[in-house]
Amino acid sequence: MAMGLLDQIRSIFDGDPGVRKVADDPVLSAELLMLFRMILADGSVSESEMTAFRRICRDAFGIPETSIDSVIEYLNDFGYETNSSQAVAQFRDLDVERRKLLARHMAEIAKADSQLAGSEMQLLRRTLDLLDISPADLVKPQG
């Protein structure tokens, strides 16, 4: 209980820890921005896409559930200054497995609502090209 209160007080002075984590890591910011753009690619935000996004934030990046709404708000503000090509450019120098992970996360969000819109396919295809990743890499088991 006391630690929770201390964390809340520190959060007031230091800002949200999840937002700080994202803001301090340009590659993570770029990846989350690309995932959020995938959510918006078909023109609507489905609950299943948001659930997939929240799970990826929590499980793949260790962002606390309590921070995700603040992270989304940060991405919304940050996103106006960054286009998709600029975000993907953050990944060009990373190892191929890290680039594949971005592509898999994007595909997971695109498929979350059980409808793969043409605009989602176009964004995914363009991202794969920019990352120099094959579509076959999306279906291969991780490992």
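Below is a summary of the structure that appears in this document. Quantities reported herein were computed from a predicted structural model and do not represent experimental measurements.

What to know about the overall build of the chain
Broken down by element type, the chain carries nine helices and zero strands. Element order for the chain, N to C, with α for helix and β for strand: α-α-α-α-α-α-α-α-α. With 143 residues in all, the chain has 38% of them scored as buried. Intrachain contacts of the chain at a sequence separation of at least 6 include 72% that bridge at least 24 residues. Total accessible area on the chain is roughly 8,100 Å²; 54% of this is exposed by carbon and sulfur atoms.

Some words on the packing of helix α3 (residues 26-40) against helix α8 (residues 118-131)
Angle between the axes and distance between the axes: these two values describe a pair of packed helices. Direction vectors running N to C along α3 and α8 enclose 155°, while the axes themselves pass 9 Å from each other. The orientation of α3 relative to α8 falls into the category roughly antiparallel. Pair α3 / α8 crosses with right-handed handedness. For the pair α3 and α8, the contacting residues are M34, R37 and M38 in the first and E120, L123, L124 and T127 in the second. The residue makeup of the contact of α3 with α8, split by class, is four nonpolar, one polar and two charged.

Overview of the pattern of salt bridges
By the definition in use, this model includes eight salt bridges. Between D69 and R54 there is a salt bridge, and its shortest N-O distance comes to 2.5 Å. Here D69 is found in helix α5 (residues 68-79), whereas its partner R54 is found in helix α4 (residues 47-61), with 15 residues between them in sequence. The exposure class assigned to R54 is partly exposed, which follows from its relative accessible area of 22%. Note that E108 is salt-bridged to R55, the shortest N-O span being 2.1 Å. In this pair, E108 sits in helix α7 (residues 96-111) while R55 sits in helix α4, placing the two residues 53 residues apart along the sequence. For E108, a relative accessible area of 26% gives the class partly exposed. Among the residues examined, R55 registers a relative accessible area of 33% and is labelled partly exposed. Bridged by salt links that share partners, the residues R54, R58, D59, E65 and D69 form one connected network.

Cut-off values and rules
- Residues numbered from 1 in each chain as written.
- Predicted model: local features only at pLDDT ≥ 70, side-chain atom pairs only at ≥ 80, totals over all residues.
- Heavy atoms only, no water.
- Helix = DSSP H or I, 4+ residues; strand = E, 2+ residues; numbered from the N terminus.
- Buried < 20%, exposed > 50% of the residue type's maximum accessible area, 1.4 Å probe, protein only.
- Contact = heavy atoms within 4.5 Å.
- Areas by Shrake-Rupley, 256 points an atom, 1.4 Å probe, with all protein chains shown as cover.
- Axes fitted to C-alpha atoms, helices over the stretch in contact; angles between N-to-C directions.
- Parallel < 35°, antiparallel > 145°, perpendicular 65-115°, else oblique.
- Left-handed = near helix turned anticlockwise from the far one by under 90°.
- Nonpolar A, V, L, I, M, F, W, Y, C, P; charged D, E, K, R; others polar.
- Salt bridge = Lys/Arg side-chain N within 4 Å of Asp/Glu carboxyl O.

By themselves, these are just geometric observations and shouldn't be taken as functional.
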